[in-house]
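Now for the letters of each chain:
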Amino acid sequence: MRFMVFNLNTIRLFIATLLLLVGQHTLAKTDIYASNGYYTSTVTWEKSKSPYILHVDVNIEKRGTLIIEPGVEVRGNYKRIKVGGRLYVGYVEGHKNDRPKNEKVTIKNTYLEAAGIGDRIMNLSHLNMTGGQITFSSRDRSLTKDFKLSNSTLNYTGVRGDYSMGNIIIENNKLISSRINCYYCGVGRNDTWMSPNAGSIDINNNIMDRATSIEFQNHKLKSIKINKNQFINHSQGIRIYPNYSLNYLGYSWARGSKLKPTVVEIKDNTFKKDHIGMIVTKGNFIISGNNFIESPGIKYEGGNQAHQKGIYEFKINNNYFIKQKGHWGNNTNVFAIQNTTAVDDNLEIKNNTFCSKDRVALRLSTNRLARMKAGDNYWNTTNKTSIQRNMVFDHLVDLDVKRTISYGVHNQYRNPKLSSALESACASEAEGSEPIDAPACTLGGMILPGAPALDPATCSVYNIIEDVQIPKGVTLRANPGVKIEGKYKRIKVEGGLDFAGSKDRKIVIKNTYIQPAGDPDNPTYTMNLSHLNMTGGQITFSSR
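Just so we're clear, the structure is a prediction, and the values are computed from it rather than from any experiment.

(A) Looking closely at the pattern of salt bridges. Counted according to the given criterion, the structure contains 18 salt bridges. Where Lys108 meets Glu73, a salt bridge forms, and the shortest distance between an N and an O atom there is 3.7 Å. Linking Lys108 in strand E9 (residues 105–114) with Glu73 in strand E7 (residues 73–83), this pair joins segments that are 35 residues apart in sequence. Look at Lys108 and you get partly exposed, because its relative accessible area is 39%.

As structure tokens, this is what we get:
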């Protein structure tokens, strides 16, 4: 009996001790006020004293270091951690708790931002951050050393590094509705137009989910690498715009400058139901091995002035496109590769695979400086007539485009180096995207030489299903009594339009816009219109 009593007392003592320890752990927290939130030496936030609750901004002075250990929770209350010295979060190099890497630092509603003067370091790893923002560089607090963000999850948390002059690494993260912005990166606060490039950015092996995007505006970086990332679920892709000073490269007075076009490598990324794809301008770009699945493709812009000839370089090779879209997921203005402007840039477009035979692969804008000369690519067909009509958007398809695209066709449908999954999907798309012939009594697209006149004996009504293009040397005629329903589409005339009805049999046209097209400096269009009954739309016979 005494043995049983002893056991019961021991058990009671054990339970009481356990409850006490649990209670102590549950009640553990550290409130941060002005008295304990200003650091001039090394301070560690420990898991055993977590959560850390910010009631004021935390200041890490130039001599100070803040280490936030794995497992710590920070409740920011929308306060700031101002980094004038060094900030190490999670499993970072040299940290005593590098193994095992199974606990994250949780930070909520907190702003991490550069502060003070001089060099500072931010090294963030295994972070789970929701709300707030990470600002590692700004105009008044330019980063000159390093910033690293790795193995973390950011949710509604922006990452911004304006005027950074240092080296930036962002790798192995998942970003959800969290933008990476870098305005004026590589540009010093007291920069001159022709100051040399500075700094670099590597963004690798990340998942960009939903509204996440990568955007560089007005940068003068030495190098950019964006490799092996996934852009998914209506993410917003990549946008790269250089500093305005690059517009002056090519002038004789700028030839001795150390400023050069940035070398940009964008490889092996996947864009799946992304909204933007990539927009790249004025640099030396290597764009290779990327997969675009139900997403916009690559929109590139080169020089637009005579002095910029040959300065920029675009190598767009070995990419894969299937069911490509227009920007924001639109089914209009679809493209795999589009040129906005280019003045004899060093261009290479070859060995890309275009799977969708009913969607535009190569597109020119209507800018008179847009041009494209592509090498041999894979089109999921070798039928050049079908390729030109359905997969290439140039002057032969839309007369508002000023130039034609030259391109080659491999004798194989698809790149033999595709993975089995991509090959299988592309093979299925070859059958599923076969262009459909236009229904009878419809108008749209390019009018070919020798096309018969429109006649009421053939069709009671002609329905325009897409803009009608009448090229130079071709005339579209309509006999008396013809009826046309335009559905607010256009008839673009570079050649001739001869719609001559009669007093008793007028040509009836509804909801149609008739307008000139082609080279405005050398117009070739003629319009002969008589005895019309026209409702809705407009006739434009001349414009600036």
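Here the narrative resumes, following the displayed structure.
(B) Representation of helix H3 (residues 420–432) in the model. The first and last C-alpha atoms of H3 sit 18 Å apart over 13 residues, in line with the 18 Å expected at 1.5 Å per residue. Tucked inside the fold, the buried residues of H3 contact strand E28 (291–293), strand E31 (320–322) and strand E34 (353–354).

(C) Structural view of the sheet that holds strand E3 (residues 42–45). Strand order in the open sheet made by the 12 strands is E3-E6-E8-E10-E12-E15-E18-E21-E24-E27-E30-E33, with parallel pairing throughout. Looking at strand neighbours, the two that pair on one side only are E3 and strand E33 (346–350), the edges of this open sheet. When strand polarity is set aside, the average angle formed by the axes of neighbouring strands in this sheet is 5 degrees. With 5 bridges joining them, strand E24 (residues 263–267) and strand E27 (residues 284–288) adopt parallel strand pairing. From the neighbouring strand, Val264 faces E27, where its bridge partner is Phe285.

(D) Representation of the nonpolar core within the structure. Ranked by size, the top nonpolar core spans 85 residues in total, and within it Trp45, Phe147, Ile240, Ile266 and Ile337 carry the most contacts. With 4 residues, strand E11 (residues 127–137) is the single largest residue contributor to this core. Sequence-distant contacts of Phe147, defined by excluding residues within four places in its chain, comprise Met122, Leu124, Ile134, Phe136, Val159, Asn167, Ile168, Ile169 and Ile170. Counting 20 residues, the second largest nonpolar core, distinct from the first, contains Ile447, Val468, Ile470 and Val482.

Calculation notes
- Residues numbered from 1 in each chain as written.
- Predicted model: local features only at pLDDT ≥ 70, side-chain atom pairs only at ≥ 80, totals over all residues.
- Heavy atoms only, no water.
- Salt bridge = Lys/Arg side-chain N within 4 Å of Asp/Glu carboxyl O.
- Helix = DSSP H or I, 4+ residues; strand = E, 2+ residues; numbered from the N terminus.
- Buried < 20%, exposed > 50% of the residue type's maximum accessible area, 1.4 Å probe, protein only.
- Expected span 1.5 Å × (residues − 1).
- Contact = heavy atoms within 4.5 Å.
- Pairing = 2+ DSSP bridges.
- Axes fitted to C-alpha atoms, helices over the stretch in contact; angles between N-to-C directions.
- Core = buried A, V, L, I, M, F, W, Y, C linked by side-chain atoms within 4.5 Å.

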